[in-house]
Amino acid sequence: MLQTRDLIWGLLFIGCAAAIQVQITPTQGEISVGESKFFLCEVVGDAKDIDWYAPSGEKILPNMPDIFVNRADETTSTLTIYHANVDSAGIYKCVAKNGDKEAQATVQVKIFQKITFASAPSPQEFNEGDDADIVCNVVSSPPPTIIWKHKGSKIQVAKDVRYKIMDNGHLQIRGIKKIDEGMYNCEARVMARGEIDFKMIKVVVNVLPTIRARLSEVNATADIGSSALLACDADGFPEPTVTWAHNNIVLETGDKYSLNEDGSELVIKDVKKVDEGDYTCIAKNKAGEKAEEVSLNVFVQPKITYLNNQTASEFDNQVTLTCEALGDPTPTISWSFENRVFTEGEQASWTRPDKYESLDRNIVVRSHARVSSLTLKNIVFTYAGQYLCTASNSIGQDNQHMYLEVRYAPKIQGRVTVYTWEGNAANISCEVEAHPGASVVWFRDGLQLPSANTTNMKIYNTQSVSYLEITPDSQSDFGSYNCTATNAMGTDSKEFLLIQAEVPSSPEIQQVEPFSSTAVVAFEEPDSMGGVPIIKYKVEWRLPGQDWTGSEHDANDEMTTITIVGLKPETTYEVKMSAINGKGEGESSLASTFKTEPVQYSFTISSEIPTTIAATTMAIREPSAPILEVKVQDKGNTLKVNWIKQDDGGSPIKHYLVRYKAKHVSDWKPEIRLPYNSEYVMLNGLDWNTEYEVHVVAENQQGKSEPAVISFRTATDPTTIPDAVDSSSGLGTGAIVGILIVVFFLLLLGVDVTCYFLNKCGLLMCIAVNFCGKAGPGAKSKDIEEGKAAFTKDESKEPIVEVRTEEEHIPNQGGGGPTEPNETTPLTEPEPAAADTTSTVVNLLPCTATNSVAESFSTAQSSPASESITLTTSASSPTKAAPANSSPKNSPAAQSSSLNANTQPDVGPLVDLSDTPKVPSPTPLVSEPVSPPSTNADGPQSQRDPVKAPDSTQNKDSQVDGPTKDAPNILCTGSTTPAQNDGKTVKDDKTKGQTELKNATDEVKTVPNEAPQTNGNESKA
């Protein structure tokens, strides 16, 4: 019964599902040409197939280009029409099928043409005066109505005959003008649909160009690198483009021609004669073109085209020099030699060049067209040299040189007499003029020099001078010397005399002008120089009957006065002078007597004191201005300003004030203050070729003197000096680079030395470790291990605490002193004296750590096996320590000196941890801080509160391991690095528990027993 009922319900459900309904959305559609649209087909019920059919009845396939069918799901399908055209119109059908069941629906698609401007270009251009046809092609269905508007108003064809609307809708304007230019509105309307659209069209009216040249003719000069400018101005609409043409060839910008942006200006570069002619300026735009001619006239500066060097021999009959030149206008040609000028039709004489007339007609100038010749007759060697040919016209001129070579025999010149003295070298100069160059030989008494037996003579030859250097040994070296010069043209010789020089005669004192503390001596130079220049003048003065006091002064050509300084006021003096040359000092002049002036005082009466007891007070006056002179140094912009002290006004000069400035500026350079005994100042770094003004003022207790003023001009800039000038005065680039490299390496060395002493690192530290045996920072762990082993080897023994000062490995003064202490060394052995060892006390501040270990590492210079560890342990029971006595045992004087020299040694103290004999009643070691030494009679001592340490006997092993845990808390010092703890000596006193600390400036080490060393300053605990 249940199965029958289910079957009935299933049949009913299938029957209902078999009914199919189809609906298309939208139900109808209108599409404009070119637009796209889609339609949705919805099916109610189960449909196996949903298909679309075209108006032609054909089934629309999915891959058609303009019509696309897409089934989104089981109940819908979409029809899309892309870019519709007229052929796309019709009735489309959607059919749904499911077996024998079928349903369909249709939709009618209408296609219409909207208003479309097929051709309405903007802008549209026309030439002024033409009949303009403004194009506006419009497409629509049905065809539209065309209306034209201009400037917002409808164009009335009936009112203006110039306008006409054509059948195709175009607007025609007869004889269009520039005023017709503007925007035109082409409007289309379709009355059936009420559709309207418009298109704005820009109308442009072009105007034919007009052109005018700025200059119809332009003049230019050729062959001087100048340019010529040709210009024309053009108008029109649109703006015309301007081009230039020459000989029917259009010119473009390049190496020869240059045009500006609008082409109105043509620049012809480097004008030549061939550039002469007519140039056409062409202006062109859409309306047409116009042209204008511009003429270029090219003038040519004179140019010498032929001028060659000539060669002649002395005493030839004649030689002719030829010069040719071009130019427009034709140039005139003239000749010149040194300061003489020769022109056509004039004859000149070498003996009378000012009148250009020659009775012997030795010089003749002839010219024809562009050629000129200069004829020289009866050749002599003075004709040789450079001749200048000058070609000139109204445009300019050209100059060229030619060289006339005259071959002639040698001609010897030079000073015949030379003065010198025995032992002083002298040069005899033999100046030879010859062409070609001559060989020079020196003779003495027929023998060529230098000979085998003449070692005091040398010969130096240059291109035109031969020098014979003679250092006379005896009177026989003075006398006559022969110079002989020879070339292909002949020979010449000349005798030179070497004369014994004498000392100069005495100068003549003309006047002595005295002041209070100085005197100016005016004199005349000696009548006889002795054959050699005077190099110095000697002035001597004295009080009558006393010894002479003198001073020497360098001589120069302008020296006529010498100032004597350091005189006493109102005192009579005698003065005499002598001259000194290379040979020696000449005779002194007759003594002249003078008396210095009294010191000038000024007297004032005080108005504050009653007139009845008014007194006079004497005031010292200001000094007189010094006398200045300037000496130019080797470097042209460095000058030395010397001054001579004058009257000091009765009070010593305190200092001199110098200031200077360039005359063309108003600001002075910073004032220079010089001490009272200064006699000059060097002014460096001055501007080249500049006039300077210098003021020097002397100042005493009363005040300043009037400024002494002097002016001078520096030398010209050395950059203008030819390359022949010696260039060794400055440093080259290589030298500067070398100096910089040296400075760089010195800086690196300084950094490395700093790292060595502060941080125990760097290159020097590596060298010390590898070659000198110094311990590096890496030896710390090894030293700790060895120290720990030594300490744990026998815990019942007290460690030996040892501090040793190395004296650079120098034995004791006795030469064979006791060896270094070891395990068997008695603790009561007296300490040997060490007079040359400096001890230093370092303040040790106690820390709060209970168990502490002080470490210091050092490596013996013999081998790494000599490394050791210094440990300071705290005792098990607290003990109050007595004041630490850190004075040396030598003498109180040594104590004071050593304690005051608180230096910074390299490493800290070292303690020997090897086995030691047991002490009957060991006393714990307590570190006592030591204060700076005092100056009492007993020696430098200080007391502080003792440092108490808690019981630590049960932590002996942990004390050994202290370097990694408790070591930083051992002792606190005043310095920031361990390297500043110079060294410590801990002394065990059985009765007082006293600790003695000693510091040494040298490195402190503990040396193994197998390598004993003698040392003059040891202590044991």
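Just so you know, these numbers come straight off a predicted model, no measurement behind them.

An account of the overall build of the protein chain is requested, with residue identities and associated values reported.
The number of helices and strands found in the protein chain is 6 helices and 65 strands. Out of the 1021 residues belonging to the protein chain, those deemed buried represent 38%. Relative to all contacts within the protein chain whose residues are 6 or more apart in sequence, the contacts with residues 24 or more apart total 64%. A total accessible area of about 57100 Å² is found for the protein chain, and carbon and sulfur atoms account for 51% of it.

Any chance you could break down the pairing of strand S54 (residues 639-644) for me, citing the residues and the numbers?
If a strand is regular, its side chains alternate between the two faces of the sheet. Looking at chain direction, strand S53 (residues 627-632) and S54 are connected through 6 bridges and run antiparallel. Among the inter-strand pairings, Val-630 is bridged to a residue of S54, identified as Val-641. Two successive antiparallel strands, S53 and S54, enclose a turn made up of 6 residues. In the sheet, S54 pairs with strand S57 (residues 680-683) via 4 bridges, with the strands oriented antiparallel. Bridge pairing in S57 links Leu-639 to Leu-683.

Please set out the pattern of salt bridges residue by residue, giving values where relevant.
Under the counting rule described, the total for this entry stands at 25 salt bridges. Of the charged contacts, one joins Arg-340 and Glu-338 as a salt bridge, the two residues approaching to 3.3 Å between their closest N and O atoms. Across the pair Glu-540 and Lys-538 runs a salt bridge whose closest N-O atoms are separated by 4.0 Å. Of the residues examined, Glu-540 reaches a relative accessible area of 13% and is grouped as buried. Here the residues in one salt-bridge network are Lys-538, Glu-540, Lys-576 and Glu-585, joined through shared partners.

Please set out the sheet that holds strand S3 (residues 37-44) residue by residue, giving values where relevant.
Taken in spatial order, the 4 strands make up an open sheet running S1-S3-S6-S5, and their pairing is antiparallel. In the strand order of this sheet, the two ends are held by strand S1 (21-25) and strand S5 (67-70), each with one partner. Direction aside, the axes of adjacent strands within the sheet are offset by 15 degrees on average. Where S3 and strand S6 (residues 76-81) come together, 6 bridges link them in antiparallel fashion. Across the sheet, residue Phe-38 finds its bridge partner in S6, namely Thr-80.

Got a sec to walk through the packing of aromatic side chains? Specific residues and values, please.
Given two aromatic rings, their pairing is described by the distance between the two centres and the angle made by the two planes. On inspection of all chains with the given rule, the structure shows 10 aromatic pairs. Pairwise contacts between aromatic rings join Tyr-660, Tyr-692 and Phe-712 into one cluster. When the ring centre of Phe-381 is taken as origin, the NZ or CZ atom of Lys-411, which lies over that ring, is 4.7 Å away. Above the ring of Tyr-481, the side-chain terminus of Arg-444 is found at 4.6 Å from the ring centroid.

How would you summarise the sheet that holds strand S8 (residues 101-112) if you had to cite specific residues and measurements?
Sheets are built from strands that pair by backbone hydrogen bonding, the pairs being arranged parallel or antiparallel. Spatially, S2-S8-S7-S4 is the arrangement adopted by the 4 strands of the open sheet, whose pairing is mixed. Edge positions in the sheet fall to strand S2 (28-32) and strand S4 (49-53), since each of these pairs with one other strand and no more. Between one strand axis and the next, the sheet turns through 20 degrees on average, direction left out of account. Sheet analysis places strand S7 (residues 90-98) next to S8, joined by 9 bridges and oriented antiparallel.

Just give me the short version of the side chain of Thr-76, but keep the residues and values in it.
Relative to the helices and strands, Thr-76 resides in strand S6. At a separation of 2.7 Å, a polar atom in the side chain of Thr-76 contacts the side chain of Asp-73. When residues no more than four places from it in sequence are discounted, the contact partners of Thr-76 are Leu-40, Cys-41, Glu-42, Ile-50 and Arg-71.

Talk me through a negative patch on the surface; I want residue IDs and the actual numbers.
Judged by side-chain charge, Glu-508, Glu-524, Glu-525, Asp-527, Asp-557 and Glu-558 come together as a negatively charged surface patch. Position of Glu-558 relative to the elements: it lies in the loop between strand S47 (549-554) and strand S48 (561-564).

Describe the nonpolar core, and please don't skip the residues or the numbers.
Val-22, Phe-39, Trp-52, Ile-60, Leu-79 and Tyr-92 are the most contacted members of the largest nonpolar core, which has 25 residues in total. Mapped onto this core, the elements with two or more residues apiece are S1, S3, S4, S5, S6, S7 and S8. The element that contributes the greatest number of residues to this core is S8, accounting for 5 residues. The next biggest cluster of nonpolar side chains, apart from the first, holds 24 residues, and it includes Leu-321, Tyr-387, Ala-391 and Val-406.

Please set out the environment of Lys-303 residue by residue, giving values where relevant.
If you trace the backbone, Lys-303 turns up in strand S26 (residues 288-307). It is 9.8 Å that separates the C-alpha atoms of Lys-303 and Asp-328, two residues lying 25 residues apart in sequence. Once residues lying within four places of it in the same chain are set aside, the contact partners of Lys-303 are Glu-324, Ala-325, Leu-326 and Asp-398.

Could you give an account of the environment of Met-489, with specific residues and numbers?
Within the fold, Met-489 resides in the loop between strand S42 (479-487) and strand S43 (490-500). C-alpha of Met-489 to C-alpha of Ala-434: the two residues are 55 residues apart in sequence and 8.7 Å apart in space. In this structure Met-489 touches Ser-313, Arg-407, Tyr-408, Ala-409, His-435 and Pro-436, once residues within four positions along its chain are discounted.

Describe the pairing of strand S59 (residues 708-713), with residues and values.
Because side chains alternate across S59, one face comprises the buried residues Ala-708, Ile-710 and Phe-712, and the other comprises Val-709, Ser-711 and Arg-713, none of which is buried. With 6 bridges connecting them, strand S58 (residues 691-699) and S59 associate as antiparallel partners. Along S59, the bridge assignment pairs Glu-693 with Ser-711.

Help me get a handle on unusual backbone geometry, residues and values and all.
The omega torsion of the bond from Asp-328 to Pro-329 falls at 0 degrees, within 30 degrees of zero and hence cis. Note that Pro-329 resides in the loop between strand S28 (318-328) and strand S29 (332-337). Residue His-435 is joined to Pro-436 through a cis peptide bond whose omega torsion reads 0 degrees. Topologically, Pro-436 is positioned in the loop between strand S37 (426-435) and strand S38 (439-444). If you check the backbone angles, Asn-248 has positive phi at about 65 degrees while not being a glycine. With respect to the helices and strands, Asn-248 occurs in the loop between strand S21 (241-246) and strand S22 (249-251).

Describe the state of the cysteines, listing the residues and the values that go with them.
Tallied over the full model, the rule gives 5 disulfides. Between Cys-41 and Cys-94 runs a disulfide, and the two sulfur atoms are separated by 1.9 Å. Taking the sign of the torsion about the S-S bond as the criterion, the disulfide between Cys-41 and Cys-94, at about -85 degrees, is left-handed. Separated by 53 residues along the polypeptide, Cys-41 in strand S3 and Cys-94 in strand S7 bring together distant segments of the chain. With relative accessibility at 0%, the residue Cys-41 sits in the buried group. Accessibility expressed as a relative area gives 0% for Cys-94, which makes it buried. For Cys-232, the disulfide goes to Cys-281, at an S-S distance of 1.6 Å. Placement of the pair is Cys-232 in strand S20 (residues 228-237) and Cys-281 in strand S25 (residues 277-285), with a sequence separation of 49 residues. By relative accessible area, which is 0% here, Cys-281 ends up buried.

Please set out the side chain of Ser-678 residue by residue, giving values where relevant.
Mapped onto the elements of the fold, Ser-678 is located in the loop between strand S56 (672-675) and S57. Here Pro-675 takes part through its backbone oxygen, which lies 3.0 Å from a polar atom of the side chain of Ser-678. Ignoring anything within four residues of it in the chain, the contact list for Ser-678 reads Trp-643 and Tyr-656.

Account for helix H2 (residues 733-759), naming residues and giving values.
Along its 27 residues, H2 runs 38 Å from first to last C-alpha, staying within 8% of the 39 Å computed at 1.5 Å per residue. Looking at the residues trailing H2, positive phi occurs at Lys-760, about 55 degrees.

Residue-level account of a nonpolar patch on the surface, with values.
On the surface, Val-737, Ile-741, Phe-744, Phe-745 and Leu-748 cluster together into a nonpolar patch covering about 480 Å² of accessible area. Considering the arrangement of structural elements, one finds Ile-741 in helix H2. Judged by relative accessible area, Ile-741 falls into the partly exposed class, the value being 44%.

Account for a positive patch on the surface, naming residues and giving values.
On the surface, a cluster of positive charge is contributed by Lys-654, Arg-659, Arg-673 and Lys-704. Within the secondary structure layout, Lys-654 lies in the loop between S54 and strand S55 (655-662). For Lys-654, a relative accessible area of 46% puts it in the partly exposed group.

Definitions and cut-offs
- Residues numbered from 1 in each chain as written.
- Predicted model: local features only at pLDDT ≥ 70, side-chain atom pairs only at ≥ 80, totals over all residues.
- Heavy atoms only, no water.
- Helix = DSSP H or I, 4+ residues; strand = E, 2+ residues; numbered from the N terminus.
- Buried < 20%, exposed > 50% of the residue type's maximum accessible area, 1.4 Å probe, protein only.
- Contact = heavy atoms within 4.5 Å.
- Areas by Shrake-Rupley, 256 points an atom, 1.4 Å probe, with all protein chains shown as cover.
- Pairing = 2+ DSSP bridges.
- Salt bridge = Lys/Arg side-chain N within 4 Å of Asp/Glu carboxyl O.
- Axes fitted to C-alpha atoms, helices over the stretch in contact; angles between N-to-C directions.
- Phe/Tyr/Trp six-rings, centres within 6.5 Å; stacked < 30°, edge-to-face > 60°.
- Lys NZ or Arg CZ within 6 Å of the ring centre and 35° of its normal.
- Polar contact = N/O pair within 3.5 Å; in protein donor to acceptor, adjacent residues only side chain to side chain.
- Patch = residues over 30% accessible without salt bridge, like charges linked within 9 Å, V, L, I, M, F, W, Y side chains within 5 Å.
- Lys, Arg positive; Asp, Glu negative; His and termini not counted.
- Charge placed at Lys NZ, Arg CZ, Asp CG, Glu CD.
- Core = buried A, V, L, I, M, F, W, Y, C linked by side-chain atoms within 4.5 Å.
- Disulfide = S-S within 2.5 Å.
- Expected span 1.5 Å × (residues − 1).

Any functional reading would require information beyond the geometric quantities listed.
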